[in-house]
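Residue-level listing of the chains:
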Amino acid sequence: MIDVTGQISAVERRIGDRTLPAGQARVLTISQTYDAPVDDVFDACTNPERIPRWFLPVSGDLSVGGRYRLEGNAEGTVERCDPPHGFAATWEFGGEVSWIEVRLSDAGAGRTRFELEHVAHVDDQRWAEFGPGAVGIGWDLALLGLASHLGAAGEGVDPAAAAEWMGSDEGRRFVAGSGERWTAASVDAGTSADQARAAGERVTAFYTATPTG
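About the thresholds
Starting afresh in each chain, residues are numbered from 1 along the sequence in its written order. It should be noted that, the model being predicted, local features are given only for residues of pLDDT at least 70 and side-chain atom pairs only at 80 or more, the latter also being counted only at that level, while totals for whole chains, interfaces and linings use all residues. For side-chain calculations, the full set of non-hydrogen atoms in the structure is used, while hydrogens and water are omitted. In plain words, nonpolar cores are sets of buried Ala, Val, Leu, Ile, Met, Phe, Trp, Tyr and Cys residues tied together by side-chain atoms within 4.5 Å. With a 1.4 Å probe rolled over the protein chains alone, any residue whose accessible area is under 20% of its type maximum counts as buried; one over 50% counts as exposed, and the rest are partly exposed. A contact between two residues is defined here by any heavy atoms of the two lying within 4.5 Å. Two strands pair if DSSP finds at least two bridges between them. Only DSSP runs of H or I covering at least 4 residues are called helices, and only runs of E covering at least 2 are called strands; the numbering of each starts at the N terminus. Two rings belonging to Phe, Tyr or Trp (six-membered ring only in the last case) form a pair when the distance between their centres is within 6.5 Å. Interplanar angles under 30 degrees mark stacking, angles over 60 mark edge-to-face geometry, and anything in between is tilted. Throughout, the arc means that of the directions going from the helix axis to the C-beta atoms. By salt bridge we mean one thing: a side-chain nitrogen of Lys or Arg within 4 Å of a carboxyl oxygen of Asp or Glu. Axes here refer to lines fitted to C-alpha atoms; in helices the fit is confined to the stretch in contact. Angles between the N-to-C directions go from 0 to 180 degrees. For this analysis, a polar contact is any N or O atom pair within 3.5 Å, provided that within protein one partner can donate a hydrogen and the other can accept it, and provided that sequence-adjacent residues contribute only side-chain to side-chain pairs.

A. Focus on the nonpolar core. Grouped together as the largest cluster of nonpolar side chains are 37 residues, with contacts concentrated most on Phe114, Trp139 and Leu146. With residues near it in sequence (within four places) discarded, Phe114 still touches Ile30, Ser31, Gln32, Tyr34, Val41, Cys45, Val102, Arg103, Leu104, Leu143 and Leu146. Formed by five residues, the second largest nonpolar core is a distinct cluster that contains Ile8, Leu144, Trp165 and Phe174.

B. Structural context of the pairing of strand β1 (residues 12–20). Strand direction decides the pairing type here: β1 and strand β2 (residues 23–34), joined by nine bridges, are antiparallel. Note on β2: the bridge partner recorded for Arg13 is Ile30. With antiparallel pairing between neighbouring strands as the criterion, β1 and β2 make up a hairpin whose turn holds two residues.

C. The packing of aromatic side chains, seen in detail. Tallied over the full model, the rule gives seven aromatic pairs. Where Phe206 meets Tyr207, the ring centres are 5.8 Å apart and the plane angle is 90°; that geometry is what we call edge-to-face. By relative accessible area, which is 61% here, Phe206 ends up exposed. Taken together, Trp54, Phe55, Trp91 and Trp139 form an aromatic cluster joined through their ring pairs.

D. Region of the structure containing helix α2 (residues 38–46). When α2 is considered as a whole, its buried residues turn out to be Val38, Val41, Phe42, Ala44 and Cys45. Buried positions in α2, seen along its axis, are confined to an arc of 160° and lie on one side of it. Considering only its buried residues, α2 is in contact with α3 (51–54), β5 (75–82), β6 (86–93), β7 (96–108), β8 (111–120) and α5 (133–150).

E. Here's a closer look at the pattern of salt bridges. With the rule as written, the count across this model stands at 18 salt bridges. Taken together, the salt bridges that share partners define one network made up of Glu12, Arg14, Arg18, Arg80, Glu101, Arg103, Arg113, Glu115 and Glu117.

F. Main features of the pairing of strand β4 (residues 67–70). With burial as the criterion, only one face of β4 is covered, namely that bearing Tyr68 and Leu70; the residues Arg67 and Arg69 on the opposite face remain uncovered. Direction of pairing for β4 relative to β5: antiparallel, over a ladder of three bridges. Following the sheet pairing, Arg69 is matched in β5 by Glu75. Here β4 folds back onto β5 in antiparallel fashion, the turn holding four residues, of which Gly72 has a positive phi close to 75°.

G. Summary view of the environment of Ala162. As for its position among the elements, Ala162 is in helix α6 (residues 159–166). Take Ala162: its relative accessible area is 29%, and that puts it in the partly exposed class. Along the backbone, Ala162 and Gly110 are 52 residues apart, and their C-alpha atoms lie at a distance of 29 Å.

H. Up close: the sheet that holds β4. On the basis of which strands lie adjacent, the open sheet formed by eight strands has the order β1-β2-β8-β7-β6-β5-β4-β3 and antiparallel pairing. At either end of the open sheet lies a strand with only one pairing partner, and these are β1 and β3 (58–60). Put simply, the sheet's adjacent strands are angled 25° from each other on average, direction ignored. Taken together, the nine bridges between β2 and β8 define a ladder with antiparallel strand orientation. For Ser31, the partnering residue across the bridge sits in β8 and is Glu115. Those strands touched by α5 are β1, β2, β6, β7 and β8, and its axis lies near 25° from that of β2.

I. Seen up close, the side chain of Ser98. Mapped onto the fold, Ser98 is located in strand β7. A distance of 2.8 Å separates a polar atom in the side chain of Ser98 from a polar atom in the side chain of His118. Here Ser98 is in contact with Ala89, Thr90, Trp91, His118, Val119 and Ala120, once residues within four sequence places are set aside.

By themselves, these figures tell us nothing about what the structure is for.
Okay, structure coming up:
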């Protein structure tokens, strides 16, 4: 049984922007503090034997300069690695390139603050349609998987069970809760409340396969 409310509330979400050589980019940041030491969290995020236990099956070369592929999702190049404090990589999906960076810091008492930053060029039309939840909900699900993997039971993620859970009432509540928090983050970043709410409803409907009418 997943504490949907507790997990949603444990995560911090922010939206910003950054100027890159190719133009203006949007920056999505998601973070959570885990009851695990930095070395263990870093290993969970970089060990190809552990990554599938909370995220997705991974293949390729996870060293700096190497190419990785996440099954059924993104691929990219590992650009930097600073054990055990984090790493950075390109995130290539759907013919587009964006960038991720994971930062880990000691939160005291054997705990670790995990922070992931996803930087992407997103045009205004697509942002208005789906907002930050288009990728934010996916990252929320990833942090949920990591929480399960690092938890006392160490359950992690079973792909078949995860797919079934996504269609359950509990899974739908999680997606809806995530969508609401990303909507709030979008408003905090300056999006009008009506536009942010409409985008949040569309992206939640997409993840839950619920028609918007």
